[in-house]
Amino acid sequence: MNVSDKYRSNWESYWSETSDEAGEAIWDCDPALSAEPYSALLLPHADPARTIVDLGCGNGTQTRYLATRFARALGVDLSHAAVAHARRATRDDAVEFQQLDLTDSAAVSALHERLGDVNVFMRAVIHQSEPAARPAVAAAVAELIGTEGRAFVVELTSGSRDVLKRAATQEGGPGPKLQRVFHHGLKPADADDTEIPRLLGEAGLKVLAEGETTLPQTEYLTDGTRIDLPAHWFVLAGAR
């Protein structure tokens, strides 16, 4: 299946109304808080000579860091506007970006045919995808890594809902960055904790390592606490 027109439109409008300023998207944190420590978890299991594909790359902040740890990096996103942001901000020939719907199995297969088995980096994509589309997103990870690549997948857990509720109901209401997420109809932390590992398993992915973490955001509560969303990470291999 492909994503709904409404879902596609929500993301397109979000990125179209986002400036090129670093950190304006609430999840656009410094790579030192995201891609850097996550790469350290992936690299013991992955061949850095392989290309790494950043699924749901947004404006490419994490993709550009990944290019310093792997031979090449490709960022893909459903939103054309996000890809345009990423291209404007990138001057490194080892990084490229393209629009891709992860639920379009033919397009995902074509990318795998072009690149061969790759490593994958996916940060918080399944949990906010439409429920019917989530199996296809997990299947895209499996398709791209094949038998030789490895994947790092990190997704929000149910505990993040409590943090988001606190941020939304604090005195003065949610901050402007979180307000924009709600305004555009995006739904963070929408998947149950048991759903993510089930979907990964059903896609034929094998868990090599896993653990708890947080996804640091670029907005703060009124008391000065940074919004850090509880999450769970997986390093994954394909079926052999």
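The structure contained in this document is the topic of the report that follows. (Residues numbered from 1 in each chain as written. Predicted model: local features only at pLDDT ≥ 70, side-chain atom pairs only at ≥ 80, totals over all residues. Heavy atoms only, no water.)

Right, let's talk about the pattern of salt bridges for a bit. When charged atoms on two side chains of opposite charge get close, those side chains can pair. Counting across every chain of the model gives nine salt bridges. Taking the shortest distance from any N to any O, the salt bridge between Glu195 and Arg134 comes out at 3.1 Å. Here Glu195 is found in helix α9 (residues 195-202), whereas its partner Arg134 is found in helix α6 (residues 134-145), with 61 residues between them in sequence. One exposure class covers both Glu195 and Arg134, and it is buried. Salt-bridge contacts for Arg226 lead to Asp228; the nearest nitrogen and oxygen are separated by 2.7 Å. (Salt bridge = Lys/Arg side-chain N within 4 Å of Asp/Glu carboxyl O. Helix = DSSP H or I, 4+ residues; strand = E, 2+ residues; numbered from the N terminus. Buried < 20%, exposed > 50% of the residue type's maximum accessible area, 1.4 Å probe, protein only.)

This part takes up the state of the cysteines. Summed over the entire model, instances satisfying the criterion amount to zero disulfides. Cys29 takes part in no disulfide bond, and the closest cysteine sulfur, belonging to Cys57, lies 14 Å away. Taking relative accessible area as the criterion, Cys29 reaches 3% and is therefore assigned buried. Accessibility expressed as a relative area gives 8% for Cys57, which makes it buried. (Disulfide = S-S within 2.5 Å.)

Here we come to the sheet that holds strand β6 (residues 206-220). Read across the open sheet, the seven strands follow the order β3-β2-β1-β4-β5-β7-β6; overall the sheet is mixed. Looking at the sheet topology across the chains shown, the edges are occupied by β3 (95-99) and β6. Adjacent strand axes in the sheet meet at a mean angle of 20 degrees, parallel and antiparallel pairs treated alike. Relative to strand β7 (residues 226-237), strand β5 (residues 150-156) runs antiparallel, the two sharing seven bridges. Paired with Glu155 across the bridge in β7 is His232. Along the sheet, helix α5 (residues 105-115) makes contact with β1 (52-55), β2 (73-77) and β3, crossing β2 at roughly 170 degrees. (Pairing = 2+ DSSP bridges. Axes fitted to C-alpha atoms, helices over the stretch in contact; angles between N-to-C directions. Contact = heavy atoms within 4.5 Å.)

Moving on, we get to the packing of α6 against α9. Orientation of α6 relative to α9, taken along the N-to-C sense of each, is 55 degrees, at an axis distance of 8 Å. When the interaxial angle is binned, α6 and α9 end up oblique. Between α6 and α9 lies a crossing of right-handed hand. Contact residues: Arg134, Pro135 and Ala138 in α6; Glu195, Leu199 and Leu200 in α9. (Parallel < 35°, antiparallel > 145°, perpendicular 65-115°, else oblique. Left-handed = near helix turned anticlockwise from the far one by under 90°.)

Here the focus is unusual backbone geometry. In this structure, Ala124 takes a positive phi of about 60 degrees despite not being glycine. When you line up the elements, Ala124 lands in the loop between β4 (119-123) and α6. For Ala124, a relative accessible area of 17% translates into the label buried.

The next point concerns helix α8 (residues 176-183). Three or more residues of α8 are buried, namely Leu178, Arg180 and Val181. The arc that holds the buried residues of α8, viewed along the axis, is 155 degrees, so those residues lie on one side. With respect to the buried face of α8, the exposed residues turned more than 90 degrees away are Pro176 and His183. Positive phi shows up at Gly185, right after α8, with a value of about 75 degrees. (Arc of directions from axis to C-beta.)

According to the stated counting rule, one finds nine aromatic pairs in the structure shown. Here the aromatic rings of Tyr14 and Trp15 are separated by 5.4 Å at their centres, their planes lie at 85 degrees, and the arrangement is edge-to-face. On the accessibility criterion, Tyr14 (0% relative accessible area) is buried. Here Trp15 falls in the buried class, since its relative accessible area comes to 3%. A connected cluster of aromatic rings, assembled from ring pairs, spans Trp11, Tyr14, Trp15 and Trp27. (Phe/Tyr/Trp six-rings, centres within 6.5 Å; stacked < 30°, edge-to-face > 60°.)

Attention now goes to the side chain of Asn119. Within the secondary structure, Asn119 is located in strand β4. Of the polar contacts made by the side chain of Asn119, one reaches the backbone nitrogen of Arg150; its length is 3.0 Å. Beyond its immediate stretch of four places on either side in the chain, Asn119 contacts Ala46, Asp47, Arg50, Thr51, Ile52, Val53, Phe70, Gly149 and Arg150. (Polar contact = N/O pair within 3.5 Å; in protein donor to acceptor, adjacent residues only side chain to side chain.)

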